[in-house]
Amino acid sequence: MKEVLLDANFPRDATGATYHVGTRPGQVANRIITVGDQLRARRIAAHFDGGAASFEFQSQRSFLTLTGTFKGVPLTVVSVGMGFSVIDFFLRECRAVVEGEMIIVRLGSCGSIDPSIPIGSVVVPLTSYGITREYDYFHPLTTAEERATGAMEPYKVTKPLDCDREIHDSLLRALEESTPEAAKAHFGGVAPRSVGEVVNGSTDSFYSSQGRTSIDFLDANANLIDVLRQRHSISTLEMETFVLNHLALSANLASANRASESGAVVADEALTTNDSRRIRTGAVQMIFANRHTSAFITPEEVHLLEDWAGKAVCESLASLEIPLEHTHKDG
Ligand code: R1P
Ligand code: URA
């Protein structure tokens, strides 16, 4: 960290740059694609006008921000790394430097626990669950009876939370319109397929809460994948989308609260609010792992899916309207 930070509640330097993502007003567009991987971020930015971003910042905490235009519309790609907590840093700090409504799409990889969705598919989830390890299940003070009766289960699953329906439909359309037929040679003769309305689970571990087993840790997860399929109809597992949807809801509740005279709001009102600081979210997930066959995608296949999905997400974002959009300035 080079600059002096001014506010312990929400640390920023004198230029307005945030503590971890490190960007300031004017550097981040209202339409953002967030990814976990810096190479993917650069592949997406290669679709920008002129073939590159016009603004780039790599923060000391490994957040990479690339801003440019796609068909003349300002777009930002932010590579954040992995997991729930980086989404919290990313979304709160980007919200702080962007005026007006935001649309945020996560373009990530995931594993499929649904036999009908193989590697090579690109899915658009509508609903996401949060799946976390129940830490107390493993605590020495938890009794064998609590574990045996199911009073305490080793993994917790939240209520489902939807992304924005219009964004979901737009993403799916953009993918369908650009299916890369030529890529079929790399996917056993079948062209990669897009699938909409998928039910996703976002987990707090790539390993235990995604049902990967280990002899080195006690994870109590041997039947977790079956439980997630049977109780919740979950098809895909990754590590960020639920938190993105949750924080957008939380931002929209705060907006509705500000707008409401009484102060108190209920979730339904928040979801329909048209506040100028509304956040709408969507997600596209490329299937990298097939948890039934244990197959994993090859680097060439990753490249093909990222090119297809990356361009489709840019097309979709550029086509979506943002009411009262503020003019974006590079700088
Ligand atoms: C785990 O390998 C990572 O891959 C998925 C998961 O959500 C997790 O972040 O997404 P990304 O490819 O976008 O990182
Ligand atoms: N990302 C995940 O989180 N899980 C997988 O199985 C593959 C990619």
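Position numbers for residues start from 1 in each chain and track the written sequence from start to end. Labels are handed out in written order, letters beginning with A for the chains and numbers beginning with 1 for the ligands. Since the coordinates come from a predicted model, pLDDT governs what is reported: local features require at least 70, and pairs of side-chain atoms require 80 or more to be given and counted, while whole-chain, interface and lining totals use all residues. Side-chain calculation: all heavy atoms of the structure are included, whereas hydrogens and water are not.

(A) Structural context of the nonpolar core. Working definition of a nonpolar core: buried Ala, Val, Leu, Ile, Met, Phe, Trp, Tyr and Cys residues. They are joined through side-chain atoms within 4.5 Å. Each residue's exposure class comes from its accessible area (1.4 Å probe, protein chains only) as a fraction of the maximum for that residue type: buried when under 20%, exposed when over 50%, partly exposed otherwise. Ile-33, Leu-107 and Val-284 are the most contacted members of the largest nonpolar core, which has 46 residues in total. The greatest single-element share of this core, amounting to 9 residues, is contributed by helix H8 (residues 299-319). Other than its neighbours up to four places away in sequence, Val-284 contacts Arg-106, Leu-107, Gly-108, Val-122, Val-123, Val-124, Pro-125, Leu-171, Leu-175, Ala-309 and Val-313. Judged by nonpolar contacts, the second largest core, of 24 residues, contains Val-21, Val-28, Met-102 and Ala-251. Strands are runs of DSSP state E lasting at least two residues, helices are runs of H or I lasting at least four, and both sets are numbered from the N terminus onward. Working rule for contacts: check all heavy atoms of both residues, and any pair within 4.5 Å makes them a contact.

(B) A look at the site of ligand 2. Residues are classed as near a molecule or strand on a simple rule: at least one heavy atom within 4 Å of it. Ligand 2 sits among Ser-109, Cys-110, Gly-111, Phe-206, Gln-210, Arg-212, Leu-237, Glu-238, Met-239 and Ala-289. Polar contacts, as counted here, are pairs of nitrogen or oxygen atoms within 3.5 Å of one another; within protein the pair requires one atom able to donate a hydrogen and one able to accept it, and residues that are adjacent in sequence qualify only if both atoms are side-chain atoms. Within the contact set of ligand 2, a nitrogen atom lies 2.8 Å away from a side-chain nitrogen or oxygen of Gln-210. A distance of 2.7 Å separates an oxygen atom of ligand 2 from a polar atom in the side chain of Arg-212. Coverage of ligand 2 by the protein chains reaches 93% of its 240 Å² of free accessible surface. At the level of elements, strand E5 (102-112) and strand E10 (236-238) are the ones that each hand at least two residues to the shell around ligand 2. The biggest single contributor to the shell around ligand 2 is E5, with 3 residues. Asp, Glu, Lys and Arg are counted as charged, while Ala, Val, Leu, Ile, Met, Phe, Trp, Tyr, Cys and Pro are counted as nonpolar; the rest, among them Gly, fall into the polar class. Looking at the shell around ligand 2 residue by residue, the classes come out as 5 nonpolar, 3 polar and 2 charged. The protein chains shown are the only cover counted for residues, whose accessible areas, like all others here, come from Shrake-Rupley with a 1.4 Å probe.

(C) Up close: the packing of helix H2 (residues 84-97) against helix H6 (residues 241-259). To get an axis, fit a line to the C-alpha atoms, keeping to the stretch in contact for a helix; angles then go from 0 to 180 degrees between the N-to-C directions. Packing of H2 against H6 brings their axes to within 9 Å, and their N-to-C directions diverge by 40°. The two elements H2 and H6 meet at a crossing, and its hand is right-handed. In contact with Phe-84, Ile-87, Asp-88, Phe-90, Leu-91 and Arg-92 of H2, H6 contributes Val-243, Leu-244, Leu-247 and Ala-248. Of the residues belonging to the contact of H2 with H6, the class tally is 8 nonpolar, no polar and 2 charged. By convention, the crossing between two helices is left-handed when the near helix turns anticlockwise from the far helix through less than a right angle, and right-handed when the turn is clockwise.

(D) Summary view of unusual backbone geometry. For Ser-62, which is not a glycine, the phi torsion comes out positive at approximately 75°. Note on placement: Ser-62 falls in the loop between strand E2 (55-58) and strand E3 (64-70). Owing to a relative accessible area of 43%, Ser-62 belongs among the partly exposed residues under this scheme. In this model, Ala-220 sits at a positive phi of 50°, which is unusual for a non-glycine residue.

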